[in-house]
Amino acid sequence: MAALLSAPGRFSPVSPFAFCYVRKASDGLPRRVGWMRSLGHRCTASCSTRGDRGEEERKRSFDLKDCALTAAIAVGLVTELGRIVEQRDRDAVAPKQKELLNYVGGVEEDMVDGFPYEVPEEYKDMPLLKGRATVDMKVKVKDNPNVQDCVFRIVLDGYNAPVTAGNFVDLVERHFYDGMEIQRADGFVVQTGDPEGPAEGFIDPSTEKVRTIPLEIMVVGDKSPVYGATLEEFENNSASSQVFWLLKESELTPSNANILDGRYAVFGYVTENEGYLADLKVGDVVESIQVVSGLDNLVNPSYKIVG
Amino acid sequence: MAALLSAPGRFSPVSPFAFCYVRKASDGLPRRVGWMRSLGHRCTASCSTRGDRGEEERKRSFDLKDCALTAAIAVGLVTGIPHLGWPAHASPAGPVLPGLSVLISGPPIKDPGVLLRNALPINNKAIREVQKPLEDISESLKVSGVKALDLVERNVRQASRALSQGRELIMASVAESKKQHGEDLVNKLVVGLEELGRIVEQRDRDAVAPKQKELLNYVGGFLKQLHEHARLF
């Protein structure tokens, strides 16, 4: 689309299709020149106050018809341009808003002084994430012409699920998930974490048993999480290494009001590329998960103890 | 499936995993209602310590009857669903109880940034007053037409005002060790809000609308002349 430009004279719409402008002719009288490129012809008519009436009439009628058409097209284009400019203003707002909200989030995080509560005695020696950490998960997507691999940024929330998030970061540092396949992707969730072999979770080399973590639910308004309680038919505290991402898309699992709330421990959110989660399918491979920041919030790391 | 929740009333079965608990009835006496789990249920009707034995009996039997009916429905629901594994099958689309809409206020929040900010263990109203209008900009942008940027301007002004009024309270809540970092962020926030305000103000200066008006006048003029020279089409 061509830009609007102003030229001296009565009107000046510009487009690839039509172009009309006023020029002063050598005799000092204004000439209106029409130029219609799209319609493949050029009309030139001049309007002078002198001379032959009949010819003038014919010229003028031709001139008016074409110019009216031109003007109509021009108006359409100006409206379109108006929309483009408006969209440009809107497009400038969103990234700025994001930047400002990052600052707000940063100030809010600065208001948290230390870790606000004590984890129960029985879980104190497990790996705990006393704060937040960010990881990048790189997934290789197979058989998809649009996407070859995707990096998801995940923020792990140790303020609301320290034991669960701590266990996850510990496993990430052990490279437990590197090379693992997506094991379930059914439109509701994307799931992985079941290692090869008969075990369904992470086998702690120091005990040679599956290391499990308790169910950990932070209820709105509470000061610290609730451990182990659920109406779930599975064993409360049998979680080990299997994790899933709930796609917040289905009408059957609306945010804040779905049947998973209170039955599974939420310990983080995907903050970048979350839209691509829905494109993952069984067989896609988690190439690697790496901690980007917040590793120093992990206490009692077990990965440093080489068995 | 509806979430577990408490609703006013005598009993509140919500799902196959029904959940009822103690509530004070309007006459001030505690009523213990039923607690039903997926298989096997227990239903208890309360008895008041007041008066009329006969009425009490009738009430109790009514309670029991209702509870029995509830239990029957619950069992029916439970057995009606082939398996209780994952994924769950769809249930009624609308709320099971009229009270459901009261507890879920507003549309569900899906934005991870918002969820994470809200989940921080802090209690500072002033910063939340800056956070809210900034987040509302996303909603404002969804409005079509020029109105959107008017709404954004209002959001920006609200955020700026909240920040200038609440700056002291905000800085007071920042942890000692992070005071400098917090101060930097607040300064960046002030500058950023000004910039955003300028972007939004700019929209009036793009003289597209006047140009459009000018053109429409000419079209009108031409059409009038066309009308006068009928020998055109």
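Residues numbered from 1 in each chain as written. Chains lettered and ligands numbered in written order. Predicted model: local features only at pLDDT ≥ 70, side-chain atom pairs only at ≥ 80, totals over all residues. Heavy atoms only, no water.

Turning to the overall build of chain A, a few remarks are in order. Secondary structure summary: chain A contains two helices and 16 strands in total. The buried share of chain A, taken over its 307 residues, is 45%. Taking the contacts inside chain A whose residues are at least 6 apart along the sequence as the reference set, 65% of them involve residues at least 24 apart. In the structure as shown, chain A presents an accessible area of about 15800 Å², 51% of it carried by carbon and sulfur atoms. (Helix = DSSP H or I, 4+ residues; strand = E, 2+ residues; numbered from the N terminus. Buried < 20%, exposed > 50% of the residue type's maximum accessible area, 1.4 Å probe, protein only. Contact = heavy atoms within 4.5 Å. Areas by Shrake-Rupley, 256 points an atom, 1.4 Å probe, with all protein chains shown as cover.)

Let us look at the nonpolar core. Most often, soluble globular proteins have nonpolar side chains that are buried together. Within the largest apolar cluster, 41 residues are counted, with the highest numbers of intra-cluster contacts made by L134(B) and I170(B). Elements with a minimum of two residues in this core: α1 (53–110) of chain A together with α4 (125–142), α5 (147–173) and α6 (179–205) of chain B. The residue makeup of this core includes at least three contributed by each of domain 1 (2–27 + 117–297) and domain 2 (31–111) of chain A. Excluding anything up to four places from it in sequence, L134(B) contacts Q97(A), L100(A), L101(A), V104(A), A159(B), L189(B) and L193(B). Residues L129(A), V172(A), V190(A) and L280(A) belong to the second largest nonpolar core, which totals 33 residues. (Core = buried A, V, L, I, M, F, W, Y, C linked by side-chain atoms within 4.5 Å. Domains from an automatic or database assignment.)

Residues and elements named next belong to chain A. Applying the stated rule across the entire model yields eight aromatic pairs over all chains. Note on F176 and F202: the rings are 5.7 Å apart at their centroids and 90 degrees apart in plane angle, and the pair reads as edge-to-face. A residue pair is termed long-range when its members are at least 10 positions apart, and F176 in the loop between α2 (162–173) and β6 (180–181) and F202 in the loop between β8 (189–192) and β9 (203–204) qualify at 26 residues. Take F176: its relative accessible area is 17%, and that puts it in the buried class. Linked through ring pairs, F168, F176, Y177, F202 and F267 together constitute an aromatic cluster. (Phe/Tyr/Trp six-rings, centres within 6.5 Å; stacked < 30°, edge-to-face > 60°.)

Take α5(B) next. Over its 27 residues, α5(B) extends 37 Å from the first C-alpha to the last, a length consistent with the 39 Å expected when each residue adds 1.5 Å. At G166(B), α5(B) is deflected by roughly 65 degrees, the largest bend along its length. (Expected span 1.5 Å × (residues − 1). Bend = angle between axes of the 7 residues up to and from the residue.)

A few words now on the sheet that holds β6(A). Residues and elements named next belong to chain A. Taken together, five strands build an open sheet; the order of strands is β6-β15-β4-β5-β14 and the sheet is antiparallel. Of all strands in the sheet, those with a lone pairing partner are β6 and β14 (268–272), marking the two edges. Where strand β4 (residues 132–140) lies against strand β15 (residues 285–293), seven bridges are found, and the strand directions are antiparallel. Bridge pairing links T134 to S293 in β15. Along the sheet, α2 makes contact with β5 (149–157) and β15, crossing β15 at roughly 110 degrees. (Pairing = 2+ DSSP bridges. Axes fitted to C-alpha atoms, helices over the stretch in contact; angles between N-to-C directions.)

All names here are of chain B. When pLDDT is averaged across chain B, the result is 68; 50% of the residues are at 70 or more. This stretch, residues 28–54, has a pLDDT under 50; its non-local contacts, to residues over four places away or in other chains, come to 58 contacts. Scored below 50 in pLDDT, residues 97–102 makes seven contacts in the model with residues more than four places away or belonging to other chains. Taken together, the chains of this predicted complex give a pTM of 0.64 and an interface ipTM of 0.74. (pLDDT = per-residue confidence, 0-100.)

Residues and elements named next belong to chain A. One open sheet accounts for three strands, arranged β7-β8-β13; its pairing is antiparallel. Of all the strands in the sheet, just β7 (184–185) and β13 (243–246) have a single pairing partner and so form its edges. Here β7 runs beside β8; their pairing, made up of two bridges, is antiparallel. Counterpart to A185 in the pairing with β8 is V190.

Attention now goes to α2(A). Residues and elements named next belong to chain A. In this model, α2 (12 residues) spans 16 Å end to end at C-alpha, consistent with the 16 Å of a helix rising 1.5 Å per residue. The buried fraction of α2 is high, at 11 of 12 residues. Within α2, burial applies to P162, V163, T164, A165, G166, N167, F168, V169, D170, L171 and V172. H175 sits one or two positions beyond α2 and adopts a positive phi of about 60 degrees.

A separate point is the packing of α4(B) against α5(B). Between two packed helices, the angle of one axis relative to the other and the distance separating the axes together describe the packing. Residue and element names in this part refer to chain B. With their axes 7 Å apart at the nearest point, α4 and α5 run at an angle of 170 degrees to one another. One element, α4, and the other, α5, form an angle in the roughly antiparallel class. In this structure, α4 contributes A126, I127, E129, V130, P133, L134, D136, I137, S140 and L141 to the contact, and α5 contributes A148, L151, V152, N155, V156, Q158, A159, A162, L163, G166, L169 and I170. For the contact of α4 with α5, the residue count by class is 16 nonpolar, four polar and two charged. (Parallel < 35°, antiparallel > 145°, perpendicular 65-115°, else oblique. Nonpolar A, V, L, I, M, F, W, Y, C, P; charged D, E, K, R; others polar.)

Okay, the side chain of R90(A) next. Inspection of the secondary structure assignment puts R90(A) in helix α1. The contacts of R90(A), once residues within four sequence positions are left out, are L141(B), V143(B), S144(B), G145(B), A148(B) and L149(B).

This part is about unusual backbone geometry. Residue and element names in this part refer to chain A. Despite not being glycine, D143 shows a phi value in the positive range, around 55 degrees. Inspection of the secondary structure assignment puts D143 in the loop between β4 and β5. With a phi angle near 60 degrees, N300 is a residue other than glycine that sits in the positive phi range. Look at N300 and you get partly exposed, because its relative accessible area is 33%.

Attention now moves to the confidence of the model for chain A. All names here are of chain A. Here chain A shows a mean pLDDT of 80. Residues at 70 or above account for 75%. The model gives residues 1–25 a pLDDT under 50, and that stretch makes 66 contacts with residues more than four places away or in other chains. Here residues 32–51 is modelled with pLDDT under 50, and outside its nearest four sequence neighbours on either side it reaches 47 contacts, counting other chains as well.

Next up on the list: the side chain of T192(A). All names here are of chain A. With respect to the secondary-structure elements, T192 resides in strand β8. At 2.8 Å, the side chain of T192 forms a polar contact with the backbone oxygen of E181. Not counting residues within four places of it along the chain, the set of residues in contact with T192 comprises M180, E181, I182, Q183, S241, Q242, V243 and W245. (Polar contact = N/O pair within 3.5 Å; in protein donor to acceptor, adjacent residues only side chain to side chain.)

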